[in-house]
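A structural walkthrough
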Amino acid sequence: MRPSIALLRKDLLLERRAPEAIPAMLLFSVTTFVLFHFGLGRDEVAGQLAAGVLTVTLLFAAILGINRLFVAEQEEGGFDGVLLAPIDRTALFVAKAAGLFLFLALVELVAVAAFAILLLGPSPWPGLPGLVLVLALLNVALAVVGALVSALAIRTRARDLIVPIVALPLLTPALIAAARATAPLFDAAGASGPPTKWLAVLALYDLVFGLLAYAVFDFLLED
Amino acid sequence: MYGKGLRALSLATFAALTATFALVFFYAPLDADQGFIQKIFYVHVPVAIVTLCAYVLGAIFAALHLRTRDRRWDLRSYVVIHIALIFNILGLLTGAIWAKASWGHWWVWDEPTLVSFLIVFLLFATYQPLRFSIEDPERQARYASVFAIMAGAFVPLNFVAVRAATAYVHPRVLGTTNGGLPSQMALVFVLAIVAMALLFALLCCYEIAAKQTRWQLRALRRRLLGSDAVAPLGRSAAPSLGEPARGGSVTRAPRNPAEAAS
Amino acid sequence: MDAPAAIELRGVGRRYGERWALDDVSVSVPAGATLVVFGPNGAGKSTLLRVLATLLRPHGGEARVLGEPLPEREWAVRGRVGLLAHEALLYRDLSARENLRFHARLHKVAEPRVDELLEQMRLAGRADDPVRTLSRGLLQRVAVCRAVLHDPPLLLLDEPRANLDPAAAELIEPLIGRASGRTRVVTSHDPAGGLAEADYALGLRDGRVALSAPAGDVAPAQVEELYR
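Since the model is a prediction, treat every value here as computed from it, not as a measurement. (Residues numbered from 1 in each chain as written. Chains lettered and ligands numbered in written order. Predicted model: local features only at pLDDT ≥ 70, side-chain atom pairs only at ≥ 80, totals over all residues. Heavy atoms only, no water.)

Examining a nonpolar patch on the surface
Residue and element names in this part refer to chain B. Together, Phe21, Phe25, Phe26, Leu30 and Phe36 make up an exposed nonpolar region whose accessible area comes to about 610 Å². When you line up the elements, Phe36 lands in the loop between α1 (6-26) and α2 (41-68). Judged by its relative accessible area of 52%, Phe36 is exposed. (Patch = residues over 30% accessible without salt bridge, like charges linked within 9 Å, V, L, I, M, F, W, Y side chains within 5 Å. Areas by Shrake-Rupley, 256 points an atom, 1.4 Å probe, with all protein chains shown as cover. Salt bridge = Lys/Arg side-chain N within 4 Å of Asp/Glu carboxyl O. Helix = DSSP H or I, 4+ residues; strand = E, 2+ residues; numbered from the N terminus. Buried < 20%, exposed > 50% of the residue type's maximum accessible area, 1.4 Å probe, protein only.)

Below you can see the structure in the form of C-alpha cells.
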C-alpha cells in the first residue's frame, strides 16, 4: 500500500505543479453543456435526457484524463523508475486508478454544479445523495477501466486514438447503468432514489473489471 | 506438418451445412406469423451464439498465452477473434434483414441480443487497430492478450446491462428457446448450431495452418538464404514469427563463399 | 554470499522482432569489479544494461545477476541495482528534492539520505527548482543521486560522463567511480579512458561479442577496431 501512496502523492504533486488534466476536463465539461444547450435546442432538461447529458459529458471528459494518465511516466522515464524499485507493479495501477478517481471527483464537484445551473430543470438538491452514490460508482468504473486502457495505449503509436475507441465501448455497460440510475434523480415530477437494479449492475461492473484489470495490469509493464 | 485433420473437418462441415440447409428449406415448418423470412433464424441465431462463444474462447486463449508465454496461443486467440469478427458482421447483417422483414425497420433497439451484439462488435473491432499500432511483436502479443481478456469478460457483462435496459415487450415467440419452439424447429436449430460451430472451427484451423506454414517458410528462407536476403517484416496486426531463427553458428548461413570455406 | 560472480551471463540473447539485439553474449563479472562495454551505436550496449537491470527479459541463455537467475527471480534483483541511463528518469516539473524523495519512498530509504546526497553533489542551491530548468550537467548529477540513492551493490552506467565538465565528473567519482566499491557495468565510447577504469573489457558488435578479455590484455587499438 505504501508504494501506491507514494506514487499517488507524486501524481497529485505533479498535477499541482503543472495542472493539465483537471482544468482541461473541467473546461471540456462546461463547454459541452453549452453545446448541448444549442444542440438540443433546450433551456432546461430533466429526467432521462438530463441523466444522459450529464453522464455522457462526464464520460467524454474522463477520456481526456485517461489520455494523459501515463504521459509523464512514458515521456519522463517514470515506468523505468517504478520498475527498478522493489515494489509490486500493481501498485502503479492502484495509484493511477486512485488518482483518476480523485481527478474525476474534483471535476464533478464543479461540473455538476455548472450542469445544475446551466441546464437542469428540476432542483438538484433532492436527488443529490443518490447522485453522489451513482457518480462514486461510475468514477470507480471510469478509474479502473481508464487506468488499464491508458496503460494499454500509452506505448502504442496511436495512443490518443486507441484510448477513446477502446474505452468507449468498454465503458458502455457502466454508462447504461449510470444513466438509468440517474434518471429518476432528475425527474421533473420530483426526485426518487436511484433504482437498486442499476446500482447493482454498476457495482458488478466495478467489481469484475476492477479485479480483472488488477490481475492483468502486470503484463502491460513487462518487456 | 500443419493442418492435420483438415480434410476430415472440411468434409464434416460440408455435410453438416448441407444437411442443415436441406432441413431448413424442406423439413422445418413455416412460421405462422412471419412466414418464409423466419427461416433466417437458423442462420442468424447460430451465428450469434457461435460469435459470442468464440469471443470468450479468444479470451481463454489469450489468458493461456499470458500464462505460458507460448506465442502459439496468441496466434489462436488472434485467429479466433478475427473469424469471430467476420461472423459478428454476418450476424448483424442477418439480424438487420430479419428486423426489416418482420418489423419494417433495419434496426430495432428493443432487441437486447442485437443491441449488445452491436456493442460487442464495436469493442472487438478495435482489436485489430490496437494490434496494428504496436510494432514490437512480443509486446503486440501481450497487449492484445490483455485486451482480449478484458473484452472476453465484457461480453456477458454487457449482455446483462443491455438486457436489463431493454423494456423487452417484444411479441416474438421465436429466437428464445423457452420451450415455445416446436420440436421440429428445435431439432433443425440444434443442427444449425453444430454446423455453424463446425464452419467456425474449420475456418480457424485453415487460418492457423496457413499462418504457421507461412512462418515456417519464412524461417526456412532466412536459414537458407541468410537473414539479410529476406525482406524484413512489415507492420501488421497479425501475429508474426513465433521463434525467429537464432543467429548462432548452427542456424546462420554463411554470408559469402569465403566464410563458408573457412 | 560466497558466489564470487555478481554477473554471470551464458549465451544470453534478446530480440526485437526478428532481430537479435543481443545474441549469445557470455560474460562473468566478479563482485566489486568493473566491466566496460564498448561498441558502436546500436551494438546492443543499452540493451545489455536493460537486461541486467531486469527491465528487459532475456529471450535466450542463462543470466544471473547478484546470484539470482533472470527472469525467474527478477523481483529479488530489483532495488539492488542502480541504473544511470541516457534518460535521467526524473519528472521534469518536480524539483530534484521532490524527485529524490519520491524514489526514496519507493526504495524505502530514509529521507535524510536525500539531503545528504544533494549536499555531496553540490546541488543544494538548485534542489528546489523544477528539474526542467536544470542544465544537462546538473541533471546528470541529480540522476546520479537517483541511481545511488538506495546504495545498490551493482551499478549500471550508460556513458555516465557524457555532458559533464571535468569538475562535475570529479564530483560524481566517489559515488559511481571505482572508489565506490560497487560492481559496475559501464558503457563507453572512449577506448583509452574506458580501459583505464576497467577490470574487464567487452566489445559488442551487432549484438554479438567481438572482444572479451581482461582490460590489461587489451590495447586501445583493438577497441577502436570495433568501430570500423
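That was the structure; now back to the text.
A look at the interface of chain A and chain C
Listed by partner, the interface residues are 25 residues for chain A and 24 residues for chain C. Taking both partners together, chain A and chain C bury about 2400 Å²; carbon and sulfur atoms supply 59% of that area. The three residues of chain A that bury the most area against chain C are Glu76(A), Leu84(A) and Asp223(A), which together make up 28% of that side's buried surface. In this structure, the connection of chain A to chain C is made through four salt bridges. Here Arg57(C) ties to Glu222(A) by a salt bridge, and the two come within 3.5 Å at their closest N and O atoms. Linking chain A with chain C are nine residue pairs in polar contact (both at pLDDT 80 or more), by the criterion used here. Of all the secondary structure elements, the ones that give two or more residues to the side of chain A that touches chain C are α1 (2-17), α4 (71-75) and α5 (78-84) of chain A. Sort the elements by how many residues they give to the side of chain A that touches chain C and α1(A) lands first, with eight residues. A breakdown of the residues in the side of chain A that touches chain C according to their chemical character gives 13 nonpolar, three polar and nine charged. (Contact = heavy atoms within 4.5 Å. Buried area = accessible area lost by both parts, 1.4 Å probe. Polar contact = N/O pair within 3.5 Å; in protein donor to acceptor, adjacent residues only side chain to side chain. Nonpolar A, V, L, I, M, F, W, Y, C, P; charged D, E, K, R; others polar.)

Remarks on the side chain of Asn67(A)
All names here are of chain A. Within the secondary structure layout, Asn67 lies in helix α3 (residues 47-68). Given a relative accessible area of 18%, Asn67 falls into the buried group. Those residues within four positions of Asn67 in sequence are excluded, and the remaining contacts are Arg159, Asp160 and Val163.

Concerning the confidence of the model for chain B
All names here are of chain B. With 86% of its residues at a pLDDT of at least 70, chain B reaches an overall mean of 84. A low-confidence stretch, residues 169-179 stays under pLDDT 50, and its non-local contacts, those more than four residues away or across chains, total 14 contacts. Confidence over residues 244-262 falls short of pLDDT 50; this stretch has 27 contacts with residues more than four positions distant or in other chains. (pLDDT = per-residue confidence, 0-100.)

A word on the confidence of the model for chain C
Residue and element names in this part refer to chain C. The share of residues in chain C with pLDDT of 70 or more is 98%, and the mean pLDDT across the chain is 90. Ranking the elements of chain C by mean pLDDT puts helix α6 (residues 166-176) last, at 88, and helix α3 (residues 96-106) first, at 95. Across the assembled chains, the prediction reports ipTM 0.93 with pTM 0.91.

Notes on the sheet that holds strand β4 (residues 60-65) of chain C
All names here are of chain C. Ordered by their spatial adjacency, four strands build an open sheet running β2-β1-β4-β5, and the pairing between neighbours is antiparallel. Every interior strand has two partners, whereas the edge strands, β2 (19-30) and β5 (68-70), have only one. Direction aside, neighbouring strands of the sheet carry axes that sit 25° apart on average. When β4 meets β5, the two strands line up antiparallel, connected through three bridges. Within β5, the residue paired with Arg64 across the bridge is Pro69. (Pairing = 2+ DSSP bridges. Axes fitted to C-alpha atoms, helices over the stretch in contact; angles between N-to-C directions.)

Quick notes on the side chain of Thr57(A)
Residues and elements named next belong to chain A. Inspection of the secondary structure puts Thr57 in helix α3. You can call Thr57 buried: its relative accessible area is 0%. Residues in contact with Thr57, not counting those within four places in the same chain, are Phe28, Ser29, Thr32, Phe33 and Phe36.

What to know about unusual backbone geometry
Apart from glycine, the bulk of residues carry a negative phi angle, and the bulk of peptide bonds sit in the trans form. All names here are of chain C. In this model, Leu70 is joined to Pro71 through a cis peptide bond whose omega is 0°. When you line up the elements, Pro71 lands in the loop between β5 and α2 (74-77). Residues other than glycine seldom take positive phi values, yet Asp24 does so here, at roughly 60°. Mapped onto the elements, Asp24 comes out in strand β2. Look at Leu89: it is not a glycine, yet its phi comes out positive at around 55°.

With respect to the sheet that holds strand β6 (residues 81-84) of chain C
Residues and elements named next belong to chain C. Taking strand neighbours across the sheet as the criterion, the six strands line up as β6-β7-β8-β3-β9-β10 in an open arrangement whose pairing is mixed. The strands lining the two open edges of the sheet, one partner per strand, are β6 and β10 (208-214). The mean inter-strand angle of the sheet, taken between neighbouring strand axes irrespective of direction, is 15°. Contacts from helix α1 (residues 45-52) reach β3 (34-38), β6, β7 (154-158), β8 (183-187) and β9 (200-205), with the element oriented near 155° to β7.

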